[in-house]
4 protein chains.
Amino acid sequence: MEATKRDAILEAALKLFANRNFDATTVPMIAESAKVGAGTIYRYFENKEGLLNVLFQKCITEFSEVITQSLSGSENNIRNKFHRIFNGLFTYTEERPEGVVFLSYQNHDLYLDEESRQMSQEFFEFLYHFIEEGKQEGVICELSPEVIISIVFGSFKEVYLNIRSGSIHYSKELIVDVENCCWNAIKR
Amino acid sequence: MEATKRDAILEAALKLFANRNFDATTVPMIAESAKVGAGTIYRYFENKEGLLNVLFQKCITEFSEVITQSLSGSENNIRNKFHRIFNGLFTYTEERPEGVVFLSYQNHDLYLDEESRQMSQEFFEFLYHFIEEGKQEGVICELSPEVIISIVFGSFKEVYLNIRSGSIHYSKELIVDVENCCWNAIKR
Amino acid sequence: MEATKRDAILEAALKLFANRNFDATTVPMIAESAKVGAGTIYRYFENKEGLLNVLFQKCITEFSEVITQSLSGSENNIRNKFHRIFNGLFTYTEERPEGVVFLSYQNHDLYLDEESRQMSQEFFEFLYHFIEEGKQEGVICELSPEVIISIVFGSFKEVYLNIRSGSIHYSKELIVDVENCCWNAIKR
Amino acid sequence: MEATKRDAILEAALKLFANRNFDATTVPMIAESAKVGAGTIYRYFENKEGLLNVLFQKCITEFSEVITQSLSGSENNIRNKFHRIFNGLFTYTEERPEGVVFLSYQNHDLYLDEESRQMSQEFFEFLYHFIEEGKQEGVICELSPEVIISIVFGSFKEVYLNIRSGSIHYSKELIVDVENCCWNAIKR
DNA sequence: AATGAATGAGGATTCATTCAT
DNA sequence: AATGAATGAATCCTCATTCAT
């Protein structure tokens, strides 16, 4: 019953931050949506910015886990790993529809603390590692891991945001197609 | 020295909106950055939201023009047109480094007026048209124009944002490489 | 000690609006005078204009009640009723010295909402009714009720304002005298 | 051509102050209505408050003159003098429909300077004098001049304001009737 | 003399945060 | 522990006033 209240706040905040953006979300909005008194939020989080950081860290951890898990036990085939990562993206997306949107806001940079930045960094390093592996095997093109990640993640994000806004119609096949596009973009 | 004051405000606002986002930018910030009294902003723009819309329309117009011009006189080869469009993206980006960032903020949706939406719509329709052409010629893959644009624009944006933040090192060759990746992503 | 804060605001606002007028009263003035934070006002009232309307409705209700009560159980003699109404005026005036001043500001028209206008209308209709009765009995002169009310209320208001400003010295007899003057003005 | 601009400003200000009240009138409003640049107003008047005082003094002077003139050459009959004064009121009202409204705003007190107060005082003293005369002749009742003036002026003002707002329909006969009511109110 | 663009002090209002209950 | 009323700093915006032209 205790962790519940904290979770309710995190859940409510995630939805609001993703749909309305951090600055356009007021603390009373979060409180109301979480069915909690406004003051209660300050029992669990230092302040609004602290809440943002806890949420960011939570999301990026979950995200990492989904991606990591989706890779576990996979054969050494890079293309197959890529498929699993891409699937992980969508798995996470289905579990927490707002997670990716939230994580991909640029202007969070203004508010993220050192720890959050660190975790974000680590996650990307994990991906860079995968890319390096692919490059060494000669199946991924010779661009810096940062560029390759940007191409794949940028595409994915944009497609997803448009699915969310209704501009793009979602289907299982679409995901497969987008994955292929992305792979074609970065394969050697 | 005449239209200067209005321009100074627009310039200052563009930088702040792109770097900090609309909600995190205060009117006094814009005023200070534009070296103008806070009240002066209201002589030229209805209010902060009005300023956003004027700025959005200005940027999207400039952007359209650069893209359109970069296509003028080009042969009927789709791959070549694609090259020119991609180049246009980077040309605009160099002219107005904050323009693309500003234009691509999702949360603008909350504040854009009908006219801005309209112009945004028209610009995308122009691109859709190009994609349809490529699909009919059989050189672009059979995905909806929205998806294809998302893949290319998403990649470009993400790479650009990382160049901006310093995570990715810029070079002429990089642009060529990214263009090739994007083309590989969407070609049939 | 419960509804007190809201009441303190209303009381402070009434005094300031009556003495200085709506436009010349600032929200911080009201807050200070009510010994309340400026933000607190907005917990109880939609905005400054909303506060004006709540106050107006409260005063006109109190005023109506005093007048209505002062008539209750009175014999059917018009002159006697007039006496009671006039007394009601002064009773209300003594209870809420600023009420009449506040209610009689012309420029409220700019800010009153539909409900306030309605209530004002109803109150005057009650008075018109009384006048009509007197006219039918042949004891009040043949002018429109609006004119008769204006003569009596105008006289009363002006005398009262001058008592307030110190130009006229108040006494029990004065009220009786003014009442007689007003009656002489409108009797047949 | 010179005095014209000043007059245009005074004329415009009178209308706006009377219709909207001092605080709700902005200097640019006056400038626009007077077809003058906003800065020009400060060539002729010290500031907005100074303009109010000049205007007040102008109106009260004109008002005094109309009343005084209407008495000139009149026989020594008090009732007749009263008739002339009352007529003067309406004459002034027709010449400068906004003058009376403007002069009768209570909250001017906040802004009037010593001279304006003085002139206001003097004008009322003139009227008091007339009342004293009537009392000595035994035709006006034994109330203080301030009270008697309040009764007459209060009635007149209220009727006039209601004519202006459309609640009361104007006619020549109405004026005569109201005059009679007022006289009945104060006669011995 | 006349203008009106420019200013910034000051007003209304919002909202993160505190704290008494 | 939980609340939400209360606060006042900070925001957007207005407008009296100045001053370069």
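Please read all numbers here as calculations on a predicted model, not as lab measurements. (Residues numbered from 1 in each chain as written. Chains lettered and ligands numbered in written order. Predicted model: local features only at pLDDT ≥ 70, side-chain atom pairs only at ≥ 80, totals over all residues. Heavy atoms only, no water.)

## Considering the pattern of salt bridges
Under the criterion given, the structure shown has 32 salt bridges over all chains. Of the charged contacts, one joins Glu-158 of chain A and Lys-157 of chain B as a salt bridge, the two residues approaching to 2.8 Å between their closest N and O atoms. Note that Glu-158 of chain A is positioned in helix α8 (residues 145–165) and Lys-157 of chain B in helix α8 (residues 145–165), a pairing that runs across two chains. Judged by its relative accessible area of 13%, Glu-158 of chain A falls in the buried class. Here Arg-96 of chain D and Glu-62 of chain D are joined by a salt bridge, their closest N and O atoms 2.8 Å apart. On the criterion of sequence distance, the pair formed by Arg-96 of chain D in the loop between α5 (78–95) and α6 (97–103) and Glu-62 of chain D in helix α4 (residues 48–71) is long-range, its members being 34 residues apart. (Salt bridge = Lys/Arg side-chain N within 4 Å of Asp/Glu carboxyl O. Helix = DSSP H or I, 4+ residues; strand = E, 2+ residues; numbered from the N terminus. Buried < 20%, exposed > 50% of the residue type's maximum accessible area, 1.4 Å probe, protein only.)

## Digging into the relation of the copies chain D and chain C
When chain D is fitted to chain C, the residual RMSD is 0.3 Å, and the transformation amounts to a turn of 178° plus an axial shift of 0.1 Å. Classification of the inter-copy transformation places it as that of a two-fold axis. When the interface residues of chain D are mapped onto chain C, 100% of them again lie at the interface, so the same face is used by both copies. (Least-squares fit on C-alpha atoms with pLDDT ≥ 70 in both. Contact = heavy atoms within 4.5 Å.)

## Overview of the protein's contact with DNA strand F
Looking at DNA strand F, there are 30 residues lining it, with Thr-40 of chain A, Thr-40, Arg-43 and Tyr-44 of chain C together with Val-27 of chain D nearest. Here the atoms of DNA strand F within 4 Å of the protein split so that 72% fall in sugar or phosphate, with bases taking the remainder. Gly-37 of chain A is positioned such that a nitrogen or oxygen atom in its backbone is 3.2 Å from a phosphate oxygen of DNA strand F. Contact between DNA strand F and Tyr-44 of chain A: a phosphate oxygen at 2.7 Å from a side-chain N or O atom of the residue. (Near = heavy atom within 4 Å. Polar contact = N/O pair within 3.5 Å; in protein donor to acceptor, adjacent residues only side chain to side chain.)

## Regarding the UniProt feature "DNA-binding region" (unreviewed entry) in chain A
Mapped onto this numbering, the UniProt entry gives "DNA-binding region" (unreviewed entry) at residues 26–45 of chain A. Within the segment residues 26–45 of chain A, helix and strand shares are 75% and 0% respectively, and the terminal C-alpha atoms sit 15 Å apart. (UniProt positions renumbered as here; feature names shortened; annotations may be inferred.)

## Quick notes on the nonpolar core
With 139 residues, the main nonpolar core has Phe-86 and Phe-102 of chain A together with Phe-86 and Phe-102 of chain B as its most contacted residues. Non-local contacts of Phe-86 of chain B, meaning those with residues more than four positions away in its chain, are made with Val-152, Phe-156, Ile-175, Val-178, Glu-179 and Cys-182 of chain B. In this structure, Cys-141 of chain C together with Tyr-92, Tyr-105 and Tyr-111 of chain D belong to the second largest nonpolar core, which totals 137 residues. (Core = buried A, V, L, I, M, F, W, Y, C linked by side-chain atoms within 4.5 Å.)

## Points about a negative patch on the surface
On the surface, a cluster of negative charge is made up of Glu-49, Asp-113, Glu-114 and Glu-115 of chain A. With a relative accessible area of 37%, Glu-49 of chain A lands in the partly exposed category. (Patch = residues over 30% accessible without salt bridge, like charges linked within 9 Å, V, L, I, M, F, W, Y side chains within 5 Å. Areas by Shrake-Rupley, 256 points an atom, 1.4 Å probe, with all protein chains shown as cover. Lys, Arg positive; Asp, Glu negative; His and termini not counted. Charge placed at Lys NZ, Arg CZ, Asp CG, Glu CD.)

## Overview of the protein's contact with DNA strand E
Neighbouring DNA strand E are 31 residues; Val-27 of chain A, Thr-40, Arg-43 and Tyr-44 of chain B together with Thr-40 of chain D lie closest to it. Gly-37 of chain B is positioned such that a nitrogen or oxygen atom in its backbone is 2.9 Å from a phosphate oxygen of DNA strand E. At 3.0 Å from a phosphate oxygen of DNA strand E is found a side-chain nitrogen or oxygen belonging to Lys-48 of chain C. Contributions of two or more residues to the surface near DNA strand E are made by α2 (27–34) and α3 (38–44) of chain A, α3 (41–44) of chain B, α2 (27–34) and α3 (38–44) of chain C together with α3 (41–44) of chain D. Looking at the surface near DNA strand E residue by residue, the classes come out as 11 nonpolar, 14 polar and 6 charged. (Nonpolar A, V, L, I, M, F, W, Y, C, P; charged D, E, K, R; others polar.)

## Side note on the interface of chain D and chain C
With 32 residues of chain D in contact, the opposing surface of chain C contributes 32 residues. Counting the surface lost from both chain D and chain C, the interface buries some 2600 Å², and carbon and sulfur atoms represent 65% of this. Across the contact surface, chain D and chain C share 2 salt bridges. Between the two partners, chain D and chain C, sit 7 residue pairs in polar contact (both at pLDDT 80 or more). Where the side of chain D that touches chain C is concerned, the elements lending two or more residues are α8 (145–165) and α9 (172–186) of chain D. The greatest single-element share of the side of chain D that touches chain C, amounting to 12 residues, is contributed by α8 of chain D. Its residues assigned to classes, the side of chain D that touches chain C shows 16 nonpolar, 10 polar and 6 charged. (Buried area = accessible area lost by both parts, 1.4 Å probe.)

## Quick look at unusual backbone geometry
Although it is not a glycine, Lys-35 of chain B adopts a positive phi angle of roughly 55°. The class for Lys-35 of chain B is exposed, based on a relative accessible area of 75%. Even without being glycine, Asn-21 of chain D reaches a positive phi, approximately 90°. The residue Asn-21 of chain D is located in the loop between α1 (2–20) and α2 (27–34) in this model.

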